[in-house]
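# Notes for the structure review
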Amino acid sequence: MSQAEQPLITHLVELRTRLLRSISAILLVFIALIYFSNNIYDFVAQPLLSQLPAGTSMIATDVATPFLTPIKLTLVVSFFVAIPYLLYQAWAFIAPGLYKHERRLIMPLVVSTAVLFYSGMAFAYYVVFPLVFGFFTSTAPAGVTVATDIASYLDFVLTLFFAFGVAFEIPVATILLCWTGVTTPKSLREKRPYVIVGVFAVGMLLTPPDVFSQTLLAIPMWALWEIGLFFARFYVKKEDEEQQEQAEGGS
């Protein structure tokens, strides 16, 4: 084996180790939560159950759905719970290839990524879900009984959880774009009017067709973008730092 191939093999072995640790962490959390799978589903279904008319409930249209649906949710929840550890494994894999000052900068990004993702999910559960399900149940035609299938409900809420979790990563995405040199804080500030229109368009797509709920999503997204824009200036490389890195690389 040539000397050029040895570092590649070493990196691949390290990547495999990190992936196996990540999968093991998810499985361990899943095993710990599997006994409470029905309770977890009851908690996630509460925003809809509280909006259903009196005397109605959710239904299961397939024979295995009452068993498989809570299991599926528990597996997804296990992934969400393990996100901090997964991010740590990603950090540990890329950290050796970073400069010292880059390692100091990227660690706050790793922590904020997890915090923002959880914040997006909490915002969806406590703010968006009551509005969405209240709107849907109140607009049902006369004579139509609202009885949502538990599997369809799970697919719907998981989509919203993921969408809002990713949407709340706007500050991290903004910082990374400036840090990698794709854009600059000055250029982003000049595009502020387009960003405002964009977040309201996204809010319109992810929420019921009313101005109130659309605004509840658009304003936090805009605020998060402004926060990311503020901190992005600390992640822009200065010319003297770039020259120093080039000198270190040449030596």
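For the structure itself, look to the data block above.
Described in the following lines is the structure provided in the data block. These numbers were taken from a predicted model, which means no experiment stands behind them. (Residues numbered from 1 in each chain as written. Predicted model: local features only at pLDDT ≥ 70, side-chain atom pairs only at ≥ 80, totals over all residues. Heavy atoms only, no water.)

Viewed as axis vectors pointing N to C, helix H2 (residues 37-49) and helix H3 (residues 65-81) meet at an angle of 85°, and their least axial separation amounts to 8 Å. Viewed along their axes, H2 and H3 adopt a mutual orientation that is roughly perpendicular. Residues Ser37, Asn38, Ile40, Tyr41 and Val44 of H2 touch H3, and the partners they reach there are Thr69, Pro70, Ile71, Leu73, Thr74 and Val77. For the contact of H2 with H3, the residue count by class is 7 nonpolar, 4 polar and no charged. (Axes fitted to C-alpha atoms, helices over the stretch in contact; angles between N-to-C directions. Helix = DSSP H or I, 4+ residues; strand = E, 2+ residues; numbered from the N terminus. Parallel < 35°, antiparallel > 145°, perpendicular 65-115°, else oblique. Contact = heavy atoms within 4.5 Å. Nonpolar A, V, L, I, M, F, W, Y, C, P; charged D, E, K, R; others polar.)

This next bit is on the packing of aromatic side chains. Between two aromatic rings, the relevant description is the distance of the centres plus the angle of the planes. This structure, assessed with the given rule, holds 15 aromatic pairs. With centroids separated by 6.4 Å and ring planes inclined at 35°, the aromatic side chains of Tyr85 and Tyr88 adopt a geometry described as tilted. Taken together, the residues span about one helical turn, with Tyr85 and Tyr88 both in helix H4 (residues 83-94) at a distance of 3 residues. We classify Tyr88 as partly exposed; its relative accessible area is 42%. Taken together, the aromatic side chains of Tyr41, Phe43, Tyr125, Tyr126, Phe129, Phe133, Tyr153, Phe156 and Phe161 make up a single cluster linked through ring pairs. (Phe/Tyr/Trp six-rings, centres within 6.5 Å; stacked < 30°, edge-to-face > 60°. Buried < 20%, exposed > 50% of the residue type's maximum accessible area, 1.4 Å probe, protein only.)

Tracing the chain through its elements places Arg21 in helix H1 (residues 5-33). Look past the residues within four positions of Arg21 in its chain and what remains in contact with it is Tyr85 and Gln89.

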